[in-house]
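Chain by chain, the residues run as shown.
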Amino acid sequence: MQFDVAAVRACYPALADGYAYLDGAAGTQVPVAVIEAISRAQADGIGNGGGAFPASRRADEITAECRAAIAALTGGDPDGVILGPNMTTLTYRIAGALAKTWRPGDEVVVSRLEHDANVRPWVQAAEQAGAVVRWAEIEPSTGELPAGQYAELIGDRTRLVAVTAASNILGTRPDVPAITAMARAAGALSYVDGVHATPHTAVDARALGADFYATSAYKWSGPHIGTVVASPALLETLHPDKLLPSPDEVPWRFEYGTPPFASFAGTTAAVQHLAGLAAGPEGSLRERVLASMAAVERYEQDLFAVLLAGLDSMPHVSTYGKAASRTATSYFNVAGRTPEQVAEYLAERRINVWSGDNYAWEPAGALGIRDTGGAVRAGLVHYNNAEDVDRLLAAVAELG
Ligand SMILES: Cc1ncc(COP(=O)(O)O)c(C=O)c1O
């Protein structure tokens, strides 16, 4: 089945407002199916979970369906899908639980390619446990995170390796399987930040070797929730702080308070939407989502080649990142303008982009632009089209 961007765009009411939504890396719009699933869940009546009456049963069913959908998207086990408000909150929670098992002198490896949500929770947890933080460096000229350096960084004392599956500013997709294999060989766990990667590619958390795989539904056409996927057996070994009366079973043990059930219904609809982007109705949800996301990746990469070639052809524009494998995410500066000024100029032309470090604090530091306002980020997702790219390029060209 062909990837039909016009048909895809028609699913997204927000895209009708005439703006070019090149801000997807900070959060995507949602299709009608997600909006309807959320309002249907509310209209049908949802109680709190775990009760004997139908509205409560519906809440439990919605939650179970959401875990199954996220497992289908990531290749995980539904019983190991932890649901929460966003990736940052869940990462702090997992870091807190893991750090209880760390001893002074243990080591944690983080990288300079990360969004800060996959850095600070580990650094702060390590500080509290007396563990040592070791840093994997990027090559600023390419934005690559060479996997080879991990052979030196990982050792007997390594307890955790935190690495991103894709940089949220440079798009770099490091060799995660190689890195997690080294972690596993040393008896360490790996925590893979899939927030930026998941919307752009088919995901197989097992093939990535991720002990934990984190992603946020609002980056892939869903509502504002986050999730961490792990094996239930691993989760059984961890004991996060929790209330006494709340369930101690996995994965509930990791989930705090009353969850957003309607958003869970929307999340299931988002995975189903992704699965239908370029796959027919046959096959399991997992098979369809894999086929669709492979088509999404091809589509985005073709469009991205045009975007990058256009930016690189402009003498007044400097782009960051040249990784061999990367998502369709551009990060650039325009001579004589601050990134903020460029973002404001583009907003006046109805083009949505972000400026700054985008919480990629360490990468922006490694690039030497953290203190100068970072750069402009214009990223593509599956609903962007050639017109969005043309509009961006024409507007940036005018700044020359
Ligand atoms: C790569 C990456 N990791 C983590 C996060 C944090 O995700 P959340 O907003 O769900 O906490 C983001 C958000 O932009 C991100 O892009």
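Keep in mind that what you see is a predicted model, and the values were worked out from it rather than measured.

1. A closer look at the overall build of the protein chain
- Within the protein chain, the secondary structure is distributed over 14 helices and 13 strands.
- For the protein chain, the C-alpha radius of gyration of 21 Å lies close to 21 Å, the compact-globule estimate for 400 residues.
- Judged by the C-alpha coordinates and their principal axes, the protein chain covers about 60 × 55 × 35 Å.
- Within the protein chain, the proportion of its 400 residues that are buried is 57%.
- Considering only intrachain contacts with a sequence separation of at least 6, the fraction spanning at least 24 residues in the protein chain is 69%.
- For the protein chain, the exposed area adds up to about 15,800 Å²; of that, 54% sits on carbon and sulfur atoms.

2. Re the packing of aromatic side chains
- According to the stated counting rule, one finds six aromatic pairs in the structure shown.
- With a centroid separation of 4.5 Å and an interplanar angle of 35°, the aromatic rings of Phe3 and Tyr299 are classed as tilted. With Phe3 in the segment before α1 (5-10) and Tyr299 in helix α11 (residues 285-312), this pair connects stretches of sequence that are 296 residues apart.
- According to the relative accessible area criterion, Phe3 is buried, its value standing at 14%.
- Judged by centre distance (5.7 Å) and plane angle (55°), the rings of Tyr320 and Tyr331 are tilted.

3. Focus: helix α2 (residues 32-44)
- The end-to-end C-alpha distance of α2 is 18 Å, a good match for the 18 Å that 13 residues give at a rise of 1.5 Å each.
- For α2, the secondary structure elements touched by its buried residues are α3 (54-74) and α10 (261-275).
- Backbone geometry just after α2 places Gly45 at a positive phi near 95°.

What counts, and where the lines are drawn
Residues numbered from 1 in each chain as written. Predicted model: local features only at pLDDT ≥ 70, side-chain atom pairs only at ≥ 80, totals over all residues. Heavy atoms only, no water. Helix = DSSP H or I, 4+ residues; strand = E, 2+ residues; numbered from the N terminus. Rg over C-alpha atoms; globule rule 2.2 N^0.38 Å. Buried < 20%, exposed > 50% of the residue type's maximum accessible area, 1.4 Å probe, protein only. Contact = heavy atoms within 4.5 Å. Areas by Shrake-Rupley, 256 points an atom, 1.4 Å probe, with all protein chains shown as cover. Phe/Tyr/Trp six-rings, centres within 6.5 Å; stacked < 30°, edge-to-face > 60°. Expected span 1.5 Å × (residues − 1).

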